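Residue-level listing of the chains:
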Amino acid sequence: MKYILVTGGVISGVGKGVIASSFGTLLNACGIPITSIKIDPYINIDAGTFSPYEHGEVFVLDDGSEVDLDLGNYERFLDVVLHKDNNITTGKVYKMVIDKERIGMYLGKTVQVVPHITDAIQEWVERVAVTPVKDDIVPEVCIIELGGTIGDIEGMPFVEAFRQFQFRVKKENFCVAHVSLVPLPRATGEPKTKPTQASVRELRGFGLSPDMIVCRSENPIGDEVKDKISNFCHVSPDQVICIHDLSSIYHVPLLMEQAGVIDILKDRLHLNLPTPRPANFMQSWRDLAERVDNVYKKVNIALVGKYTKLQDSYASVIKSLLHASIAAGYKLNLTFIDSSNLERCTKMENPNLYYDAWHDLTNSHGIVVPGGFGSRGIEGKIRACQWARENGKPMLGICLGLQAAVIEFARNVLKLEDAHSTECDDKTPNALVIDMPEHHTGILGGTMRLGKRTTIFRGDSKIRQLYNNKEQIEERHRHRYEVNPEYVEQLQAHGMRFVGTDSEKERMEIMELENHVFYVATQFHPEYLSRPLKPSPPFLGLILASVGKLASYLEDGTKLLHQQSNPSMSVRENSSDNDLQQIRERANGLHHVADTEPPAASAPNSTQMNGTIPSTSSTKQKSSVKMNGVHENGMD
């Protein structure tokens, strides 16, 4: 087993996730099966109880584990299925050691950080590294991202563990890649290497010497800067890899390949890689990067959420919208709308916020109402669902978005004006949404309906067609509340169809409104399984409906088989038939270059997205370090 440890210096969020995923992408393309581990030095057992504002999105795996959002990034980039043990936290390690101590497994010895905690970390890594994450194939390379920055006090046990680990697995099986920031102060106008020098010096002081230094910068770095870093950091100039801000993060693996990363890994880890590499090496990524750069037609989507001040709160939703937009041949203009600003009370307290929010909503082509918890902003989500329903606007609701749509329909169509969720009003006489038996009051972590579950389709529907008319699907869940089955018959009698249920046919999984271009909501989270080259069907349906192509797409029931397209093909014709053909190919994992036409003006108050994640429009925040205009926790 080979190991690549990715560490970070100078600041957090410098791009370790992108770099680690790019290592995996390159090795995957060489035919090397890989796996990945994310280490988070916080004491929490997992990410399940985090506020979205504290740590961004909580990602859910097939096995129901609530983990750091970076594992979602790895799954999307590498197309693997990770497990709970692929996310290591300080809390998990200490709990495991303490549990062993309580049952006497240390034979009365004093339990210490060294050797007991460090040994536990090393044993954990070795065990997880050989666990298959794709097609039951045992990985050959394990990529480990150590969260935080070198020198953080909470990360010291992990640094010490890997100092020992390099001798445990032998030098030829262990490689360290250090990702560091090279700032460019405006006052001097030249790149500064001192932060990188200090970071590498600290890393070497802890007993880990980098085999590769990945320098992140706003602009390309010249050879003289690379030579300076080489002289002061004890690496050759070829081992200094410069990754500057790019138009799309899909260019990052390509730039790393161009910089010779594959050859460095081959020599350092004694990998058996083909030489020379085939002519079409990484062609799918080249096509994807070109498609992202050359698409100009725009689709305006409004995301009506509760946590819009931090973009990472909706990381997977944003990426799913990007995947679907790319497949449809459109550039995504995404507007974040705080659902609280759509409520009537905001009209009285702050009219400017109220009217701006409604302006953004009404100027969108489609709406996403994502998940969330608690009563704050729920009325705004309900009003957004009502506006989309009454005005024929394409809408996709997810989790709480489904519940909001059901409550709105009950209030305004069934005339149950006091309809609500017991989460927000436990005394409501018309509880359209109720808590589930799995919900244990007072214990929050791991008590929801979590992980991959089966959904059975009922009858024909647009959403079923988007899933290629399958009888059942498997998607990931994360919720404590569900639609009250006592109201289902009444809702369906008035046109709200529940076209998907759980395997016991007791829980409502998918809702679709009759006589609407696209008004779909899911209790599961389809964003967790979206991939850059295979977008999630609900998101693809929303984008197609938003650009007026859904009906034509669904009329032609012939779906292309999964196959690799001819890399040399470049489809640029403008006929509608050709557009639909390209969409089907992209939705099924085929790769063509998108149509090109002159850029159009951006929609007002919208954020333009082209394979990137922007700051929210409501706060105009910008990350201090950007890669391709994205916060560095993002990867695809």
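What comes next concerns the included structure. Since this is a predicted model, take the numbers as computed values, not measurements. (Residues numbered from 1 in each chain as written. Predicted model: local features only at pLDDT ≥ 70, side-chain atom pairs only at ≥ 80, totals over all residues. Heavy atoms only, no water.)

1. What about the sheet that holds strand β9 (residues 240–244)?
So, point 1. In spatial order, the strands read β5-β2-β6-β1-β7-β8-β9; together these seven strands make up an open sheet with parallel pairing. Lying at the two open borders of the sheet, with one neighbouring strand each, are β5 (87–89) and β9. Geometrically, the sheet is characterised by an average inter-axis angle of 20° between neighbouring strands, direction not taken into account.
So, point 2. When strand β2 (residues 34–40) meets strand β6 (residues 141–146), the two strands line up parallel, connected through six bridges. Considered in β6, the bridge of Ile37 is made with Ile144.
So, point 3. Against the sheet, helix α8 (residues 223–233) contacts β8 (212–217) and β9, and its axis sits at roughly 135° relative to β9. (Pairing = 2+ DSSP bridges. Helix = DSSP H or I, 4+ residues; strand = E, 2+ residues; numbered from the N terminus. Axes fitted to C-alpha atoms, helices over the stretch in contact; angles between N-to-C directions. Contact = heavy atoms within 4.5 Å.)

2. A look at the pairing of strand β19 (residues 496–502)
So, point 1. Extensive coverage of β19 is indicated by the burial of six of its seven residues.
So, point 2. Of the strand pairs in this sheet, β19 and strand β20 (residues 508–513) are connected by five bridges, and their pairing is antiparallel. Across the sheet, Thr501 pairs through a bridge with Met508, a residue of β20.
So, point 3. Where β19 folds back onto β20 in an antiparallel hairpin, the turn is made up of five residues, including Lys505, whose phi is positive at roughly 60°. (Buried < 20%, exposed > 50% of the residue type's maximum accessible area, 1.4 Å probe, protein only.)

3. Things to note about the side chain of Arg411
So, point 1. One can find Arg411 in helix α16 (residues 400–412).
So, point 2. Assessed through its relative accessible area of 15%, Arg411 is described here as buried.
So, point 3. A distance of 2.9 Å separates the side chain of Arg411 from the side chain of Glu379, its partner in a polar contact.
So, point 4. Of note is the side chain of Arg411, whose polar atom sits 3.4 Å from the side chain of His420. (Polar contact = N/O pair within 3.5 Å; in protein donor to acceptor, adjacent residues only side chain to side chain.)

4. Section: the packing of aromatic side chains
The geometry of an aromatic ring pair is captured by the separation of the ring centres together with the interplanar angle, meaning the angle of the planes.
So, point 1. Within this structure, the stated rule accounts for twelve aromatic pairs.
So, point 2. The rings of Tyr3, Phe162, Phe165 and Phe174 are connected pair by pair, giving a single aromatic cluster.
So, point 3. The ring of Trp124 carries Arg127 above its face, with NZ or CZ at 5.3 Å from the centroid.
So, point 4. It is Lys194 that lies over the ring of Phe232; its NZ or CZ is 5.9 Å from the centre. (Phe/Tyr/Trp six-rings, centres within 6.5 Å; stacked < 30°, edge-to-face > 60°. Lys NZ or Arg CZ within 6 Å of the ring centre and 35° of its normal.)

5. Here we look at the sheet that holds strand β18 (residues 481–483)
So, point 1. Pairing is mixed in the open sheet, where three strands are placed in the order β14-β15-β18. Every other strand in the sheet has two partners, leaving β14 (419–421) and β18 as the edge strands with one partner each. If you compare each strand with its neighbour and ignore which way they point, the axes differ by 30° on average.
So, point 2. Along the sheet, α16 makes contact with β14, β15 (430–435) and β18, crossing β14 at roughly 165°.

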